[in-house]
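Chain by chain, the residues run as shown.
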Amino acid sequence: MKITAQALNRATLARQLLLGRESLDVQDAVRRVVALQAQEPASPYIALWNRLSRFDPAGFDLALAGLQTVKATLMRLTLHAVHAEDYRAFREAMEPTLRGSRLGDPRFTASGLTADDADVLVAELLKYADRPRTAAEMGGWLEARLGAPMESAAQRMLRQYAPLWHARTGGPWSFETRPSYVAAGTRPVLADPEVAAEGLQVLIHRYLEGFGPASVADMAQFAMVQRARVRAAVSALADELEQLDGPGGTVMYDVPGATRPTEDSPAPPRLMAMWDSILLAYADRSRVIPPAYRKHVTRMNGDVLPTMLVDGYVAGVWRPVDGGIEATAFHPLRGPVWEELAAEARSLIAFLAPRDPRVYKRYDHWWIKGLPSAETRLLPGD
């Protein structure tokens, strides 16, 4: 079966609940979208606002406070919010990547500690983190345990490797800039290649449910794991997957029976969160981002700006300013599209107002440095 680039776009939007807001509770929504990129605390909330018809942020607060949804270092070595029941398999899938990148990082090895030393320390650290602990508290514990100072960068590498969840610290979006950590309630098995291989099979199957169809390169990009590992996992899942012929003859994989809307399915405009997963889940990001716009959206340091989707593709960026949402279009948009974006902006302004009307303000320097613009409009609230 062949599938076009346009059909891939619509499949992604449908599975990510972006063809139409759906009536789901928070936990079901998190499972459906697989993972919410979460290094910016507000982004998972805005991601769910984009996807759910009656999203109450207080419900997400409770899910995070009760650790039904957990925030941890996972795919692409960055913070994601995932359903607690998915955490163990996802963390086991990421074990070789996290172990190599964090315990092999020069900032960790400069401490004189080995990976074997880390295994002993992690086991003890998790016992210490039986309740929320700040980074400073963990640093003090580590130095007391080692009987010597430990550079903060080395401590950070160890914390990112250890199976720790971020504990809710308050603030408008559950997490403040100074994190607190607690031992994962569902403890993954570490440093076991067979367990890691099984975990990757689970992660790939879940990824295809939420982001498929996709190529081996896409799967590897989503998780940041070696393509050889992905190929082995796909081979092990061969009886559970369907193979398709994608654009340019690229071999794509999918789960049988998954949603694949027609390529002419309407896609309403959306004001997407910073680092929204659909912008980062593929090796070929043209599925959602026109190649000419990629450098405008993904900045040199890795910041991924909040984007406007128009007809399913990135058409510009947005930011809150005094008086409303400033929308910058990279190409001319028709009047009816601006009207739909204005309606989205009114809803978003109302959503942000009780918590953080100027969310993402600290990224305003990207606008000050200049962005290409066919047209910029201020979209006011009611």
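Keep in mind that what you see is a predicted model, and the values were worked out from it rather than measured.

What counts, and where the lines are drawn
- Residues numbered from 1 in each chain as written.
- Predicted model: local features only at pLDDT ≥ 70, side-chain atom pairs only at ≥ 80, totals over all residues.
- Heavy atoms only, no water.
- Helix = DSSP H or I, 4+ residues; strand = E, 2+ residues; numbered from the N terminus.
- Pairing = 2+ DSSP bridges.
- Contact = heavy atoms within 4.5 Å.
- Axes fitted to C-alpha atoms, helices over the stretch in contact; angles between N-to-C directions.
- Parallel < 35°, antiparallel > 145°, perpendicular 65-115°, else oblique.
- Nonpolar A, V, L, I, M, F, W, Y, C, P; charged D, E, K, R; others polar.
- Expected span 1.5 Å × (residues − 1).
- Buried < 20%, exposed > 50% of the residue type's maximum accessible area, 1.4 Å probe, protein only.
- Salt bridge = Lys/Arg side-chain N within 4 Å of Asp/Glu carboxyl O.

Visitor: Just checking my understanding: could you explain unusual backbone geometry for this structure?
Guide: The residue after Gly212, namely Pro213, is reached through a cis peptide bond having omega -5 degrees. Here Pro213 shows up in the loop between helix H10 (193-211) and helix H11 (216-223). Positive phi, close to 75 degrees, is recorded for Ser174, a residue that is not glycine. Topologically, Ser174 is positioned in the loop between strand E5 (164-167) and strand E6 (180-183).

Visitor: Hey, could you run me through the pairing of strand E7 (residues 242-245) in this one?
Guide: Bridge count for E7 against strand E8 (residues 251-254) is four bridges, and the pairing is antiparallel. Each bridged residue has a counterpart across the sheet, and for Gln243 the counterpart in E8 is Tyr253. Counting the residues in the hairpin turn of E7 and E8 gives five residues, including Gly248, whose phi is positive at 70 degrees.

Visitor: What is the right way to read the sheet that holds strand E9 (residues 270-271) from this model?
Guide: Strand pairing in a sheet relies on backbone hydrogen bonds, with the paired strands running either antiparallel or parallel. Spatially, five strands are ordered E9-E10-E11-E12-E13 in an open sheet, and the strand pairing comes out antiparallel. Looking along the sheet, the strands with just one partner apiece sit at the ends: E9 and strand E13 (375-379). Where strand E11 (residues 313-321) meets strand E12 (residues 324-329), six bridges bridge the pair, whose relative direction is antiparallel. If you follow Val321 over to E12, its bridge partner there is Gly324. Its contacts with the sheet put helix H14 (residues 335-352) on E9, strand E10 (307-310), E11, E12 and E13, and the angle it makes with E13 is roughly 45 degrees.

Visitor: Would you explain the packing of H10 against helix H12 (residues 227-236) in this entry?
Guide: Between two packed helices, what matters for the description is the angle formed by their axes and the separation of those axes. Their axes nearest at 9 Å, the elements H10 and H12 cross at an angle of 75 degrees. With respect to H12, the axis of H10 lies roughly perpendicular. Contacts from Ala196, Ala197, Leu200, Gln201 and Ile204 in H10 reach Arg229, Val230, Ala233 and Ala236 in H12. Of the residues assigned to the contact of H10 with H12, the class counts are seven nonpolar, one polar and one charged.

Visitor: Explain H10 here, please?
Guide: The α-helix advances 3.6 residues per turn, and as a result positions three or four apart in sequence lie on the same side. Across its 19 residues, H10 extends 26 Å between first and last C-alpha, which sits within 8% of the 27 Å expected from 1.5 Å per residue. Of all the residues in H10, the buried ones are Val195, Ala196, Gly199, Leu200, Leu203, Ile204, Arg206, Tyr207, Leu208, Gly210 and Phe211. In this structure, the buried residues of H10 make contact with helix H1 (5-15), helix H2 (26-33), helix H5 (84-103), H11, H12 and E8.

Visitor: How do you make sense of helix H9 (residues 152-161) when you look at a structure like this?
Guide: Of all 10 residues making up H9, seven are buried, and the element is well covered by its neighbours. Looking at the buried residues of H9, the elements they touch are H5, helix H6 (106-109), helix H7 (115-128), helix H8 (135-146), E5 and E6.

Visitor: In this structure, what is going on with the pattern of salt bridges? I would like to understand it.
Guide: Between side chains of opposite charge, a pair can form when the charged atoms approach closely. As enumerated under the stated definition, the model contains 27 salt bridges in all. Across the salt bridge formed by Asp322 and Arg358, the nearest N and O atoms sit 3.3 Å from each other. One end of the pair, Asp322, is in the loop between E11 and E12; the other, Arg358, is in the loop between H14 and helix H15 (365-368), and 36 residues separate them in sequence. Through salt bridges with shared partners, a single network forms among Arg31, Glu85, Asp86, Arg206 and Glu209.

Visitor: Is there a simple way to think about the side chain of Ser43 in this case?
Guide: With respect to the helices and strands, the residue Ser43 is situated in helix H3 (residues 43-51). Overall, Ser43 belongs to the buried group, its relative accessible area being 2%. Each residue touching Ser43, except ones within four places of it in the same chain, is listed here: Gln37, Ala273, Met274 and Tyr360.

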